[in-house]
Amino acid sequence: MKVSNRTGVVLVAALAFWSCEAEKRSLGGEELPDASAADASVDDSPGPGGTGDAAATDDGVGPAETDEDGKTDESSTTDDSNAPSGGDGGLGTTDDPGATDDGPGPRDAGPPDEPGSDAGPSVIQSCARDAECDDGNVCNGDELCIEGECHSASRVDDGTVCTIEGRDEWLHCVAGNCIASVCGDGLVDPRGDERCDDGNAIDGDGCEVGCMLSCETAEHCDDGNVCNGAESCNTDTHVCQAGQPAADQTSCGTDLECNDGRCLPVGCGDGTQSSTEQCDDGNLDDGDGCDSDCTYSCEVDADCDDASVCTGTETCDVSTHRCVAGEGLACDDDIPCTDNACDPVSGCFYPLIDVDGDGHASDQLGACGDDCDDDNSKVYTGAAELCDGLDNDCNGKTDDNSPVWYPDCDGDGFAEQGATGVTQCDMPTSSPSGCDRGLVGTWTEVKPTGGYDDCYDSNADARPRLTQTENDKSWSTSGDLSRPTGARFDYNCDDVEEKHYTAVNMDPNAGCGIIFIPPPVIGPVTTLQAQGVFAPIILDEQDCLGARGWTGSTVPACGSSAEFTYCSKYGDDGTCARRKKSSAQECR
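Points about the environment of Asp343
Looking at the element boundaries, Asp343 is found in strand E15 (residues 341-343). For Asp343, a relative accessible area of 27% corresponds to the partly exposed category. Sequence separation of Asp343 and Val309 is 34 residues, and the distance between their C-alpha atoms is 7.8 Å. Excluding anything up to four places from it in sequence, Asp343 contacts Val309, Cys310 and Phe349.

Some words on the state of the cysteines
The full count for this structure, using the stated rule, is 23 disulfides. The residue that forms a disulfide with Cys162 is Cys178, at a sulfur-sulfur distance of 2.1 Å. Residues Cys162 and Cys178 are joined through a disulfide that is right-handed, its torsion about the S-S bond being 100°. Taken together, the residues Cys162 in strand E5 (residues 161-162) and Cys178 in strand E7 (residues 177-180) connect sequence positions 16 residues apart. Across this residue pair, the class does not change: Cys162 and Cys178 are buried. Two residues share a disulfide in this structure: Cys310 and Cys342, whose sulfurs sit 1.9 Å from each other. Across the disulfide from Cys310 to Cys342, rotation about the S-S bond amounts to roughly -100°, and the bridge is consequently left-handed. Of this pair, Cys310 sits in the loop between strand E12 (262-265) and strand E13 (315-317) while Cys342 sits in strand E15, and the two are 32 residues apart along the sequence.

Concerning the environment of Cys331
Within the fold, Cys331 resides in the loop between strand E14 (322-324) and E15. On the basis of relative accessibility, which here comes to 16%, the residue Cys331 falls in the buried class. Taking C-alpha positions, Cys331 is 7.5 Å from Phe349, a pair spaced 18 residues apart along the chain. Contacts of Cys331, omitting those with residues within four sequence positions, involve Asn340, Ala341, Cys342, Cys348 and Tyr350.

What about the sheet that holds E12?
Reading across from one edge, E10-E11-E12 is the order of the 3 strands in this open sheet, with antiparallel pairing throughout. Each edge of the open sheet is held by one strand with a lone partner, namely strand E10 (251-253) and E12. When strand polarity is set aside, the average angle formed by the axes of neighbouring strands in this sheet is 50°.

Quick word on the pattern of salt bridges
Counting across every chain of the model gives 7 salt bridges. The salt bridge involving Asp472 is made with Arg588; its shortest N-O contact spans 3.4 Å. You can see Asp472 sitting in helix H3 (residues 468-472) and its partner Arg588 sitting in the segment after strand E24 (575-584), a full 116 residues away along the chain. Take Asp472: its relative accessible area is 41%, and that puts it in the partly exposed class. Several salt bridges share partner residues, and in doing so they unite Asp461, Arg463 and Glu470 into one network.

Quick notes on the nonpolar core
Cys139, Cys162, Ile164, Leu171, Cys173, Cys178 and Ala180 form the largest nonpolar core, which has 7 residues in total. Looking at this core, the elements that each hand over two or more residues are strand E6 (171-174) and E7. Each residue touching Cys162, except ones within four places of it in the same chain, is listed here: Val138, Cys139, Leu171, His172, Cys173 and Cys178.

Some thoughts on the packing of aromatic side chains
Applying the stated rule across the entire model yields 3 aromatic pairs. Measuring from ring centre to ring centre gives 5.0 Å for Trp550 and Phe564, while their planes differ by 75°; the resulting arrangement is edge-to-face. Here Trp550, found in strand E22 (residues 549-550), pairs with Phe564, found in strand E23 (residues 561-570); they are 14 residues apart in sequence, far enough to count as distant. For the residue pair Trp550 and Phe564, the accessibility class agrees, reading buried in each case.

Regarding unusual backbone geometry
Although it is not a glycine, Cys294 adopts a positive phi angle of roughly 60°. Residue placement: Cys294 occurs in the loop between E12 and E13. Cys294 gets classed as buried once you look at its relative accessible area, which sits at 1%. Positive phi values are uncommon outside glycine, yet Cys394 reaches one of about 60°. Among the structural elements, Cys394 can be located in the loop between strand E16 (347-349) and strand E17 (404-408).

Focus: the pairing of E17
Within E17, 4 of the 5 residues are buried, leaving the element largely enclosed by the surrounding structure. Where E17 lies against strand E18 (residues 422-423), 2 bridges are found, and the strand directions are antiparallel. Of the residues in E18, the one forming a bridge with Trp405 is Val422. The sheet contact formed by E17 and strand E19 (residues 442-444) spans 3 bridges and is antiparallel. Across the sheet, Asp408 pairs through a bridge with Thr442, a residue of E19.

The rules behind each value
- Residues numbered from 1 in each chain as written.
- Predicted model: local features only at pLDDT ≥ 70, side-chain atom pairs only at ≥ 80, totals over all residues.
- Heavy atoms only, no water.
- Helix = DSSP H or I, 4+ residues; strand = E, 2+ residues; numbered from the N terminus.
- Buried < 20%, exposed > 50% of the residue type's maximum accessible area, 1.4 Å probe, protein only.
- Contact = heavy atoms within 4.5 Å.
- Disulfide = S-S within 2.5 Å.
- Pairing = 2+ DSSP bridges.
- Axes fitted to C-alpha atoms, helices over the stretch in contact; angles between N-to-C directions.
- Salt bridge = Lys/Arg side-chain N within 4 Å of Asp/Glu carboxyl O.
- Core = buried A, V, L, I, M, F, W, Y, C linked by side-chain atoms within 4.5 Å.
- Phe/Tyr/Trp six-rings, centres within 6.5 Å; stacked < 30°, edge-to-face > 60°.

Printed below as a string of structure tokens:
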């Protein structure tokens, strides 16, 4: 970890100290040791980590945003104001979506010690006193000067309230960093708009995705269907509960009555077609030509379309009003090492049958497989032979070759291309040499070839992203200025600075569309319901749709801000409206 920029108070105190000691020497006092070691620990270079142009991670609606009143959008979680001088200048080490931190502070030296870890404090740099090691971040613990070297202490518990000078929003410690509260972090912000925070993205469980309660009164749970009973709200759990279904034949409107919890035309299902019914086949089954609401199962082909290319094109038999299945896709690549699968949109695809996820199929599937133990991701043909009592490379021999360890300066699990490895059974105990920016570094067994090489081994957030989910977390509004131009935002190591949002000339006054999704139909009374136990129902939901992009005529450069417009839901009633904010361009 690097020491943060020295404040004016510390500098004045230091000058006074040395002045006093100089006077002591002139008066025949004890001579002090040379001060060069202490002076060398001061880092006054601005560094990318101390710029304060923090990235802002959005809630999924758009890039990082700043409100017109100058306040950070409630979805933003970026915090770089406590970043030490000479920090990594890129993303922080937190993997939570939206928990970007441009200045992780002293823990840039390597992976932080977990509370209770036996690993002990890690050495950061030389020092003469504790003040030279303090990075100003209470979340990663106190830094101490022990025998002329800075050591990091165990970080404080997540959720501990912390403060940063000049910032008045509610901050708390997460993974050793002092960051702003955000909906979904499992901690209710007492000064924000959060009514709850259960740390998940599930609606209807008592706390909604927007950190509002699922319900507070029965009105919030009412689905408008009198036949399935009056829904209520459990005020302890804030979860909606189903009501007692009305008796059959209960009136629910003009020429309508309740039947099995549904509001249907009077007499629907009795086998006699009335003037208000399209059909009546004497049952309440769906799909048999006459559905449970006494309307035809289909009248045109579009009524039968299941929106899946895998099942072919469905048609409607207008004589029977029944849907006729289409001819499905024949997905089979005749390769025993792959599954024959079909995606409703893209069609056939053939994922590798790989139980342990090491990229190799079992050799028991045939000549296409080369994994002699598909239950162990460290075993496959070509794997590094480890000293673990296993035949890692599937050559019939156990522990015949020692593994190769590659230097990993930033501790992200990847080594830079061309790195020279060390062959031995156990990981080297000494730190790799040649790590720049004051990093201590560690070792990895991942061979830096074939897309597994680290494009910048001085920043843990610049690394290969092996899954789409991980790749989607690599968007950032803050570049690493220590890297060459054109690579400062390349955090997924694909050699391209990709801009997240590219649409321009967007109308900030355009309308927003809403898609309403009706609640599910409640079925017949179950045994549990008869005993007064009801399963929760899903409320009416609405999706807010609308074009998003920059209102100007040019796409902002990575990290640059411009006016951004999009549609978003907000408030207890999920109002859909267009919004515009000054936002920073995200890149990866």
